[in-house]
Amino acid sequence: MLPLRHTRPTLSKVSRQGKPAAAAENAQPVKEDCMQTKRSPSSPQGGAKKRSAFGDITNANKNQQLLKKKNGQKAPVKKTKNVAAVNGVLRNNEINTKRALRKAPCSDVAVEVVIEETISNEEDKPSVKEETCVEQLLPPDVEDIDKDSLDDPFSTAEYAMDIFTYMREREEKFVLCNYLESQADISKEMRAILVDWMVEVQENFELNHETLYLAVKLVDHYMAVKVIMREKLQLIGSTAVLIASKFEERCPPCLDDFLYICDDAYKREELIAMEMDVLQKLNFDINIPVPYRFLRRFGKCAHASMETLTLARYICELTLQDYQFVQESASKMAASCLLLALKMKDLGGWTATLQHYSGYRALDLLPLVKRLNFLIMCQPNEKLKAVRSKYSHRVFFEVAKLPPVDVLKLEESFQS
């Protein structure tokens, strides 16, 4: 056999009567094994036609048009929307209408006035951003922290207030009780050691801080509804980090990584079974509010620097290991950590903007701020070094080395 020549596809010939030739219609281009003909935009056929998925896979629409042409029927013309052309036509219609009304008798003057008023009203309508700013009425001395983020699609400034209001409402659904009273084989020290290990996992895998906070919440809520044994505690912790990674991370670690960090103490089937059990016990509702999200929001209200915000995060992360802070709500914990950080950096107190967006007054936060300050003053446990060593690094501004606030000065600042 002779080798195939690389020929360009030929155009279908048109007869003199304007009808396409039958042979050209039924002809199909020759397919080559080693080479595919590439059409350039400047070629007579134009660029290569793009097909939508499953939309034009059978060419049924094209065959129907060819049959209608053979039968003498006109093929339906595909209408394209040209926004610029439509706007130009509408504008020309308005101009022609005004010219016609000027030549009309005096009885049609009222119609012309109505048309001009309608056009002017449409031009004077405020945009969506202006309506949002007008509708949001803030109290005096309260800054609108979302007005500078309206052009940023990632900040969702239009819905930020509604989002955090919804998260405040969800806090009531995830209130934790003193669940360790029903756990005969688990103590506060065991839980603290587990959380300390989870902090190391988050740091080694370079996970988001939201993942760590959510994983600790999953452990607490799971142990609040089920009694477990101490040999399963690390399995629960690694499973909680796995679930939180799938919820928060863009590229979560694989299952084999979690088996490795557990030193192959558990099998693959055990980790999968524990993941299913945790999700079933929590009714697959794992969107639990965490203090870290509120802390970022409140830090924006206070215009806090990265060093001050890191100090508040350090205080908030210390509370993950201490069981006495389990029952505190996420928003109140975040507000108290930020207020204590402002006091430690001598950057003022609780402003009207912070009170408006957090929903807490400074006096409401005073008891929790005292407990947090006492937590920093306590001598660190030798077995719990992950958080303090993490925030002693220069990457985190060495905020763990800052001294706490004197208790008397702290009370005096609240009274003033």
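Rules used throughout
Residues numbered from 1 in each chain as written. Predicted model: local features only at pLDDT ≥ 70, side-chain atom pairs only at ≥ 80, totals over all residues. Heavy atoms only, no water. UniProt positions renumbered as here; feature names shortened; annotations may be inferred. Helix = DSSP H or I, 4+ residues; strand = E, 2+ residues; numbered from the N terminus. Contact = heavy atoms within 4.5 Å. Areas by Shrake-Rupley, 256 points an atom, 1.4 Å probe, with all protein chains shown as cover. Axes fitted to C-alpha atoms, helices over the stretch in contact; angles between N-to-C directions. Parallel < 35°, antiparallel > 145°, perpendicular 65-115°, else oblique. Left-handed = near helix turned anticlockwise from the far one by under 90°. Nonpolar A, V, L, I, M, F, W, Y, C, P; charged D, E, K, R; others polar. 1 Å grid on protein atoms, 1.4 Å probe; cavity = no way out; pocket = protein on both sides within 12 Å on 5 of 7 lines; lining within 4 Å. Points joined across faces, edges and corners; volume = space filled by probe spheres on them. Salt bridge = Lys/Arg side-chain N within 4 Å of Asp/Glu carboxyl O. Buried < 20%, exposed > 50% of the residue type's maximum accessible area, 1.4 Å probe, protein only. Phe/Tyr/Trp six-rings, centres within 6.5 Å; stacked < 30°, edge-to-face > 60°. Polar contact = N/O pair within 3.5 Å; in protein donor to acceptor, adjacent residues only side chain to side chain. Core = buried A, V, L, I, M, F, W, Y, C linked by side-chain atoms within 4.5 Å. pLDDT = per-residue confidence, 0-100.

An unreviewed UniProt entry annotates the chain as G2/mitotic-specific cyclin-B3 of Ranitomeya imitator. Under the UniProt heading Sequence similarities (unreviewed entry), the entry covering the chain gives this text: "Belongs to the cyclin family."

(A) Quick look at the overall build of the chain. Across its full length, the chain holds 18 helices and zero strands. A separation of at least 24 residues holds for 75% of the contacts in the chain among residues at least 6 apart in sequence. Surface exposure of the chain reaches about 27500 Å², of which carbon and sulfur atoms provide 53%.

(B) Looking closely at the packing of helix α16 (residues 362–377) against helix α18 (residues 407–415). As a packed pair, α16 and α18 sit with axes 11 Å apart at the nearest point and diverge in direction by 165 degrees. The orientation of α16 relative to α18 falls into the category roughly antiparallel. Between α16 and α18 the crossing geometry is right-handed. Together, Ala362, Leu363, Leu366, Val369, Lys370, Asn373 and Met377 of α16 and Val407, Leu410, Glu411 and Phe414 of α18 make up the contact between the two elements. Of the residues belonging to the contact of α16 with α18, the class tally is eight nonpolar, one polar and two charged.

(C) Examining empty space enclosed by the protein more closely. Per the counting criterion, the structure on display carries two cavities of 30 Å³ or more. Reported here for the largest cavity is a volume of approximately 150 Å³. In this structure, the largest cavity is lined by 15 residues; those nearest its centre are Lys217, Thr319, Leu320, Phe325 and Val326. Mapped by element, the contributors of at least two residues to the lining of the largest cavity are α8 (209–225) and α14 (330–344). Along the lines of polarity and charge, the residues of the lining of the largest cavity split into eight nonpolar, two polar and five charged.

(D) Seen up close, the pattern of salt bridges. Summed over the entire model, instances satisfying the criterion amount to 20 salt bridges. Ionic pairing is found between Glu328 and Arg371, a salt bridge with its closest N-O pair at 2.9 Å. Placement of the pair is Glu328 in the loop between α13 (306–318) and α14 and Arg371 in helix α16, with a sequence separation of 43 residues. Note on Arg371: relative accessible area 29%, which makes it partly exposed. Within this structure, Asp146, Arg297 and Lys300 form a network of salt bridges that share partners.

(E) Quick peek at the packing of aromatic side chains. Scanning all chains against the criterion turns up seven aromatic pairs. Ring centres of Tyr179 and Tyr323 lie 5.5 Å apart, and the angle between their planes is 80 degrees; this geometry places the pair in the edge-to-face category. Placement of Tyr179 in the loop between α6 (160–171) and α7 (188–204) and of Tyr323 in the loop between α13 and α14 is noted, with a sequence separation of 144 residues between them. Judged by its relative accessible area of 1%, Tyr179 falls in the buried class. Overall, Tyr323 belongs to the buried group, its relative accessible area being 9%.

(F) Quick look at the environment of Tyr360. Topologically, Tyr360 is positioned in the loop between α15 (352–358) and α16. Separated by 10 residues in the primary sequence, Tyr360 and Trp350 place their C-alpha atoms 9.3 Å from one another. In this structure, Tyr360 is in contact with Arg168, Ser329, Ser331, Lys332, Ala335, Trp350, Gln355 and Leu365, ignoring residues within four places of it in sequence. At 2.8 Å, the side chain of Tyr360 forms a polar contact with the side chain of Ser331.

(G) Inspection of the nonpolar core at higher detail. Met198, Leu218, Tyr314, Ile315, Leu340 and Leu372 are the most contacted members of the largest nonpolar core, which has 93 residues in total. The element contributing the most residues to this core is α14, with 11 residues.

(H) Representation of the side chain of Ser358. With respect to the helices and strands, the residue Ser358 is situated in helix α15. You can call Ser358 buried: its relative accessible area is 1%. Here Tyr360 takes part through its backbone nitrogen, which lies 3.3 Å from a polar atom of the side chain of Ser358. Those residues in contact with Ser358 that sit more than four places away from it in its chain are Arg168, Phe298 and Trp350.

(I) Main features of the confidence of the model for the chain. Averaged over the chain, the pLDDT score is 80; the fraction of residues at 70 or greater is 67%. Scored below 50 in pLDDT, residues 1–27 makes 20 contacts in the model with residues more than four places away or belonging to other chains.

(J) Just helix α12 (residues 291–301), in detail. Among the 11 residues of α12, eight are classified as buried, and the element is accordingly described as predominantly covered. For α12, the full list of buried residues reads Pro291, Tyr292, Phe294, Leu295, Arg297, Phe298, Gly299 and Cys301. Against α6, α8, α13, α14 and α15 lie the buried residues of α12. Directly after α12, the chain includes His303, whose backbone phi takes a positive value near 55 degrees.

(K) Focus on unusual backbone geometry. Its identity is not glycine, yet Thr156 carries a phi of approximately 45 degrees, on the positive side. The topology assignment puts Thr156 in the loop between α5 (128–135) and α6. One non-glycine residue, His303, adopts positive backbone phi at about 55 degrees. The residue His303 is located in the loop between α12 and α13 in this model.

(L) Spotlight on the environment of Ala240. With respect to the helices and strands, Ala240 occurs in helix α9 (residues 233–248). Looking at Ala240, the relative accessible area reads 3%, which means it is buried. Ala240 sits 21 residues away from Val219 along the chain, and the two C-alpha atoms are 6.3 Å apart.

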